[in-house]
Amino acid sequence: MISFSKVSKQYGRQILFVDASFQLNPGEKAGLVGPNGAGKSTLFRMVVGEESADEGEVSLPKRRSIGYFRQEVDEMGGRSVLDEAIAGSGRLGDLHHELMDLQHAMADPDTPDFDAVLERFGHVQEEYEHAGGYELEAKARACLHGLGFHDDQIDGDVSALSGGWKMRVSMAKVLLGNFDVLLLDEPTNHLDIESILWLEGYLKASAATILMTSHDRDFMNRIVTKVLEIDDGDIITYSGNYDFYVKEREIREANQEAAFERQQAKLAKEQRFIERFKAHAAKAAQVQSRVKALEKQERIEPPKRRRIVKWDFRAPSRSGDDVAMLAGIAKAYGERKLYRDFDFHIRRGERWCVMGQNGAGKSTLLKMVAGQLAPDAGEVRLGASLKLGYFAQQSLDLMDPELTVLEQMQRDFPLEGLGVLRNLLGAFQFSGDDVDKRIRSLSGGEKSRLAMARMLLDPPNFLVLDEPTNHLDLATKEMLIEALKAFEGTMLFVSHDRAFLRGLANRVLELGGAEHEEPLRFPGSYAEYVATTGREAPGVHG
């Protein structure tokens, strides 16, 4: 289905692929992994024909349609969300809108070339019906619902949506296109947990060949049966899910390390013989023979160690036993009442994850606790000796765009040594020259990592985190989970990452999202919540 054969590709001095090969068969679902800059996006672009290999061959069967979801927002406007999703869904979408135009033309008896229009309508209608077009609108609505849209959004103007919601429309276009091949670049980045779970089910049931990147370990594990790793110019294939790949890679690296050490010991022994006897005439032939053998021997390279910097956060000061007390809270946006006479008590050492479907008021609750938003009625009181740290996507705008990454940290923490700052930045994947990048040139993910690093160098004793793992890669996410497991303070957070929820939550607050639904306060971990309720998220049943 998709085949790379001895492909080489480089940009200037940057070599991405050297004689790299892999094959993806029809219907297979594969994950594409590798460090930032390894060439994942370039590989996608070569598959869709936007770039070509310098050497080797990239081949796909003819007449295979490809849907490509990438981290770029399309220009959208002038039509409803439903029409936009249908319009971008490939050949079927084109037929849908041509059929609508032809029907409009046929309704006007003065249409020129009426017979030609009628004939064209017959051809288009036949192709449209054969391709399942008459179910398209119902499929589009179901898909958009699955991705978190409400009916009023679906029928509303697409231009009113934020960038994150437009990304969901782009996802719907790709899913509706009935493509033979799906290339998905970080498909879960802008989705909440309910939408991620829906997408998992959709992709598992899809007959398409799928190649995707993702920073969501659970998502990868449930969908992929093959992993392609870009490693130092090569593409290595592992048959299994993501967890299998991690174990196999560790075994492979251990074997390579052992082979390297064995060869080094043997080379050292040969070198000692040569040094000892090179001046002995009687041994001259033997020495020369061994010198030639050494020169011909192919050297085993040591495995490249993936550098993951661990960071042990400092212990925060101890807060009082009562961290946050909410009493009689009411909050509404227009006619939509999110909270009504809501009481909530957070005690020291508790780690509450807040769950709820779109619009249930998760971020609103965090803003009220953090003092960013006032309730319409009721009282939010914070406890004694409290130092609160609030992280949300808005935190990214509080940094000076003209400073470099390191300069921002030095300004925030003027008494800290350079080594401490560099080590922390390394833990958040800012290594080498990355610390000299100006903040204005950072990607969204890089800004998220820097904002998190700023907050955690001198950690507060109460962390309020709204989607802290958005844009974090797997290595940084795993480092953060391990570090926060040892955090001695209190946490209130929203996350769509199940590894983060499993690793950290010891309490679950489930918001109903409707006036008659009382929030559920679950007194155990996220894993216990799933086992007890039978669902991984509100409204999604296992």
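Computed from a prediction, not measured in an experiment: that's the story for all the values here. (Residues numbered from 1 in each chain as written. Predicted model: local features only at pLDDT ≥ 70, side-chain atom pairs only at ≥ 80, totals over all residues. Heavy atoms only, no water.)

Draft legend 1. Spotlight on the environment of Gly93. Examined against the element boundaries, Gly93 turns out to sit in helix α3 (residues 91–106). Once the C-alpha coordinates of Gly93 and Glu137 are considered, the two residues, 44 residues apart in sequence, prove to be 9.9 Å apart. (Helix = DSSP H or I, 4+ residues; strand = E, 2+ residues; numbered from the N terminus.)

Draft legend 2. Structural context of the packing of aromatic side chains. On inspection of all chains with the given rule, the structure shows twelve aromatic pairs. Relative to Trp165, the ring of Phe149 has its centre 4.9 Å away and its plane inclined at 70°; by these criteria the two rings are edge-to-face. Separated by 16 residues along the polypeptide, Phe149 in the loop between α5 (136–146) and α6 (151–154) and Trp165 in helix α7 (residues 163–176) bring together distant segments of the chain. In this pair, the class of Phe149 matches that of Trp165, namely buried. An aromatic cluster is defined as three or more aromatic residues linked by ring pairs; in this entry it consists of Tyr339, Phe342, Phe344 and Trp352. The ring of Trp165 carries Arg168 above its face, with NZ or CZ at 4.1 Å from the centroid. (Phe/Tyr/Trp six-rings, centres within 6.5 Å; stacked < 30°, edge-to-face > 60°. Buried < 20%, exposed > 50% of the residue type's maximum accessible area, 1.4 Å probe, protein only. Lys NZ or Arg CZ within 6 Å of the ring centre and 35° of its normal.)

Draft legend 3. Spotlight on unusual backbone geometry. With phi around 55°, Ser385 is a residue other than glycine that occupies positive phi space. Checked against the element boundaries, Ser385 lands in the loop between β13 (377–382) and β14 (388–391). Of note in this structure, Glu467 is not a glycine but carries a positive phi near 50°. Checked against the element boundaries, Glu467 lands in the loop between β15 (462–466) and α16 (474–485).

Draft legend 4. Broad picture of the packing of α3 against helix α4 (residues 114–130). Packing of α3 against α4 leaves a shortest axis separation of 9 Å and a crossing angle of 145°. Between α3 and α4 lies a crossing whose hand is left-handed. The segment α3 lies against α4, with Arg91, Leu92, Leu95, His96, Glu98, Leu99, Leu102, Gln103, Ala105 and Met106 engaging Phe114, Val117, Leu118, Arg120, Phe121, Val124, Gln125, Glu127 and Tyr128. Its residues assigned to classes, the contact of α3 with α4 comprises twelve nonpolar, three polar and four charged. (Axes fitted to C-alpha atoms, helices over the stretch in contact; angles between N-to-C directions. Left-handed = near helix turned anticlockwise from the far one by under 90°. Contact = heavy atoms within 4.5 Å. Nonpolar A, V, L, I, M, F, W, Y, C, P; charged D, E, K, R; others polar.)

Draft legend 5. Quick peek at the pairing of strand β6 (residues 181–185). Among the five residues of β6, five are classified as buried, and the element is accordingly described as predominantly covered. Residues of β6 alternate between two faces, with Val181, Leu183 and Asp185 on one and Leu182 and Leu184 on the opposite face, all of them buried. Relative to β6, strand β5 (residues 66–69) is paired through four bridges, and the arrangement is parallel. What sits directly across from Gly67, in β6, is Leu182. As paired elements, β6 and strand β7 (residues 209–213) share five bridges and run parallel to each other. (Pairing = 2+ DSSP bridges.)

Draft legend 6. Layout of the environment of Gly445. Checked against the element boundaries, Gly445 lands in helix α15 (residues 444–457). For Gly445, a relative accessible area of 10% gives the class buried. Spatially, the C-alpha atom of Gly445 lies 6.1 Å from that of Leu472, the residues being 27 residues apart in sequence.

Draft legend 7. Broad picture of the sheet that holds β13. The sheet built from three strands is open, its strands ordered β11-β10-β13 with antiparallel pairing. Of all strands in the sheet, those bounded by a partner on one side alone are β11 (336–347) and β13. Taken pair by pair, the neighbouring strands of this sheet meet at an average axis angle of 15°, ignoring direction. For strand β10 (residues 322–333) and β13, the ladder comprises five bridges, and the chain directions are antiparallel. When the sheet's bridge partners are listed, Met325 is paired in β13 with Arg381.

Draft legend 8. Structural detail: the nonpolar core. Residues Leu144, Phe149, Leu182, Leu184, Leu203 and Met212 are the most contacted members of the largest nonpolar core, which totals 54 residues. When residues of this core are assigned to their parent elements, the largest contribution, eight residues, is made by α7. Those residues in contact with Leu144 that lie beyond four places of it in its chain are Val81, Leu82, Ala85, Phe149, Ile154 and Ala172. In this structure, Ile193, Leu406, Met452 and Leu504 belong to the second largest nonpolar core, which totals 49 residues. (Core = buried A, V, L, I, M, F, W, Y, C linked by side-chain atoms within 4.5 Å.)

Draft legend 9. Representation of α4 in the model. Along its 17 residues, α4 runs 24 Å from first to last C-alpha, staying within 8% of the 24 Å computed at 1.5 Å per residue. Within the sequence span of α4, burial applies to Val117, Phe121, Val124 and Tyr128. Down the axis, α4 shows its buried residues gathered within 80° of arc, on one side only. Exposed residues pointing more than 90 degrees away from the buried face of α4 are listed as Asp115, Glu119, Glu126 and His130. On its buried face, α4 sits against α3 and α5. A positive backbone phi angle near 80° is found at Gly132, which sits one or two residues after α4. (Expected span 1.5 Å × (residues − 1). Arc of directions from axis to C-beta.)

Draft legend 10. Local environment of the side chain of Asp218. Within the secondary structure, Asp218 is located in helix α9 (residues 217–223). According to the relative accessible area criterion, Asp218 is buried, its value standing at 11%. Only 2.8 Å separates the side chain of Asp218 from the side chain of Arg502, close enough to count as a polar contact. With sequence-adjacent residues up to four places away left out, Asp218 is seen in contact with Glu200, Arg498, Ala499 and Arg502. (Polar contact = N/O pair within 3.5 Å; in protein donor to acceptor, adjacent residues only side chain to side chain.)

Just distances and angles here, no functional claims.
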